[in-house]
Every structure is written in C-alpha cells, then in structure tokens.
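Observations on the model geometry
Single-letter residue listing:
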Amino acid sequence: MNLGRLNHVGVATPSIEKNLELYRTLFGAEPHGPAFDLPAQGVRVCFVDTPNSQIELIEPLGENSPIVKFLEKNPLGGQHHVCFEVPEIHAAKAEFEEKGARILGEPRIGAHGTLVFFVHPKDMGGVLTEIMETPKSAH
Ligand SMILES: CC[C@@H](C(=O)O)C(=O)SCCNC(=O)CCNC(=O)[C@H](O)C(C)(C)COP(=O)(O)OP(=O)(O)OC[C@H]1O[C@@H](n2cnc3c(N)ncnc32)[C@H](O)[C@@H]1OP(=O)(O)O
Ligand SMILES: [Co+2]
C-alpha cells in the first residue's frame, strides 16, 4: 500500500470557537463551514482549509469522548492526529493488521462521510494515525 494524500491534521481543543479566533486573527483564515457534531465519534468538528490539506479542529462531545484524556494532559489543546487517505479501507485495515499494527476499533464513518480507522500511536512512532477511504467525488 502506498502512502496516500495527507487529508488533514487533527487538532484537539477545548473550544473550537476560541481556536477559530486564532486562525482568523493570525492567518485571516475562515472555517470551511460551520462546526458540526459527530456523536458516533464523540467529537464536535470544524475544518479550516489550507492550500494542500485541512486542519480538523475537534472538541469533546460528551464525557466519553476519545479526546477527554488528551485534553486533561494538554489543557490548551494540541496536535492530536494525522490522517492519510487510502483507496479501499478494508484492504488497508487487513494490511496494517497483517504487519502487526494495532487498529483501534472497527472502521466508522468519519467527518468526510467515508470510513475511517485509527492506528495506535505506540505502533506509529508516537503519532495517532487516522486512515480514511478517499471520497468517491475526489476520483
Ligand atoms: C472527526 C471524526 C474523525 C475524522 O473523521 O477525522 C476523527 O478524527 S475523531 C478523532 C478522535 N478519535 C480518536 O482519537 C479515536 C482513536 N483514539 C483512541 O482510541 C484513544 O484516544 C487512544 C489513542 C487509544 C488513547 O487512549 P486514551 O484512553 O484516550 O488515552 P491513554 O492516556 O490511555 O493513552 C494511551 C497512550 O497513548 C498516548 N496517546 C494518547 N493519545 C495520543 C495522541 N493523540 N497522540 C500520541 N499519543 C497519544 C498516551 O499518551 C498514552 O501513552 P503513555 O502515557 O506512554 O502510556
Ligand atoms: Co480526523
């Protein structure tokens, strides 16, 4: 499997609104669209476009959110994960597993409407890595 396009860098934050204010003030950047809830992933999400990728701002949604512990350790927020695209999610998952990388849960629908899964940071040099099926409209 080839390393696909960097789809986004995930940034955890206690407040999407406050983080957007930084992008506005320092870069003159506006969000791609309004923030929205993804209950299945336990996060509220908002994207900021860059010329070649996106910043994904994620705020906890509920006390069982997967980013609660991260924010306890990093109260200001911080870089949380990177996300690479693959053409076929189930083939990618099988290949990662065959190579011994731990996959966190089953593929789920992510913020772009396609299936995603996460590779444990301890099996990826300390970087939590999201693998995402390329949206069909991008072909
Ligand atoms: C918006 C939807 C979707 C999209 O479509 O883009 C998303 O991006 S959702 C993003 C949020 N979802 C997830 O992160 C799901 C996967 N994450 C998990 O399963 C867990 O968060 C985790 C990575 C297994 C961490 O478990 P947790 O219980 O939260 O914390 P621990 O303290 O037990 O962590 C264990 C170990 O891992 C280190 N760690 C935790 N998070 C990160 C991180 N983001 N980057 C690097 N390392 C991380 C943590 O420090 C612990 O290490 P040790 O202290 O050395 O044991
Ligand atoms: Co993500």
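Remember, it's a predicted structure, so these values are computed and weren't measured experimentally.

For the rest of this paragraph, the subject is the site of ligand 1. Every one of the 23 residues lining ligand 1 counts as a neighbour, but Glu 56, Lys 73, Ala 111, Lys 122 and Glu 130 are closest to it. Contacts to ligand 1 include Ala 111, whose backbone N or O atom sits 2.7 Å from an oxygen atom. Between ligand 1 and the protein, one listed contact pairs an oxygen atom with a side-chain N or O atom of Lys 122 at 2.6 Å. For ligand 1, whose free accessible area comes to 1100 Å², the fraction covered by protein is 72%. Those elements that place two or more of their residues in the shell around ligand 1 are β3 (43–49), β4 (54–60), α2 (68–73) and β5 (78–86). Considered class by class, the residues forming the shell around ligand 1 number 12 nonpolar, six polar and five charged.

This brings us to the coordination of the cobalt ion (ligand 2). Tetrahedral coordination by four donors puts the ideal angle at the metal at 109.5 degrees, and octahedral coordination by six puts it at 90 or 180 degrees. Coordination sphere of the cobalt ion (ligand 2), protein contribution only: His 8 (NE2), Glu 56 (OE), His 81 (NE2) and Glu 130 (OE), at 2.1 to 2.2 Å. Classification of the site at the cobalt ion (ligand 2) rests on its six donor atoms, whose angles at the metal span 76 to 177°, yielding the label octahedral. Counting gaps between the donor residues of the cobalt ion (ligand 2) yields the pattern H-x47-E-x24-H-x48-E. Taken together, the residues span a long stretch of sequence, with His 8 in strand β1 (residues 6–12) and Glu 56 in strand β4 at a distance of 48 residues. There is no split in this pair, since His 8 and Glu 56 are both buried.

Taken together, the eight strands give an open sheet; going across it, the order is β2-β3-β4-β1-β5-β8-β7-β6, and neighbouring strands pair in mixed fashion. At either end of the open sheet lies a strand with only one pairing partner, and these are β2 (36–38) and β6 (103–109). Across the sheet, the axes of successive neighbouring strands diverge by a mean angle of 30°, strand direction being ignored.

What follows deals with the side chain of Ser 65. Positionally, Ser 65 belongs in the loop between β4 and α2. What makes Ser 65 buried here is its relative accessible area of 6%. A polar contact is formed between the side chain of Ser 65 and the backbone oxygen of Gly 42, at a distance of 2.7 Å. Those residues within four positions of Ser 65 in sequence are excluded, and the remaining contacts are Gly 42, Val 43 and Pro 60.

According to UniProt, the feature "domain: VOC" (unreviewed entry) maps to residues 5–134 in the numbering used here. The span residues 5–134 shows a helical share of 22% and a strand share of 38%, and its end C-alpha atoms are spaced 9 Å apart.

What counts, and at which threshold
- Residues numbered from 1 in each chain as written.
- Chains lettered and ligands numbered in written order.
- Predicted model: local features only at pLDDT ≥ 70, side-chain atom pairs only at ≥ 80, totals over all residues.
- Heavy atoms only, no water.
- Near = heavy atom within 4 Å.
- Polar contact = N/O pair within 3.5 Å; in protein donor to acceptor, adjacent residues only side chain to side chain.
- Areas by Shrake-Rupley, 256 points an atom, 1.4 Å probe, with all protein chains shown as cover.
- Helix = DSSP H or I, 4+ residues; strand = E, 2+ residues; numbered from the N terminus.
- Nonpolar A, V, L, I, M, F, W, Y, C, P; charged D, E, K, R; others polar.
- Donors = N, O, S within 2.8 Å, 3.2 Å for Na, K, Ca; no water.
- Tetrahedral: all angles 85-135°; square planar, octahedral: opposite > 155°, others 65-115°.
- Buried < 20%, exposed > 50% of the residue type's maximum accessible area, 1.4 Å probe, protein only.
- Pairing = 2+ DSSP bridges.
- Axes fitted to C-alpha atoms, helices over the stretch in contact; angles between N-to-C directions.
- Contact = heavy atoms within 4.5 Å.
- UniProt positions renumbered as here; feature names shortened; annotations may be inferred.

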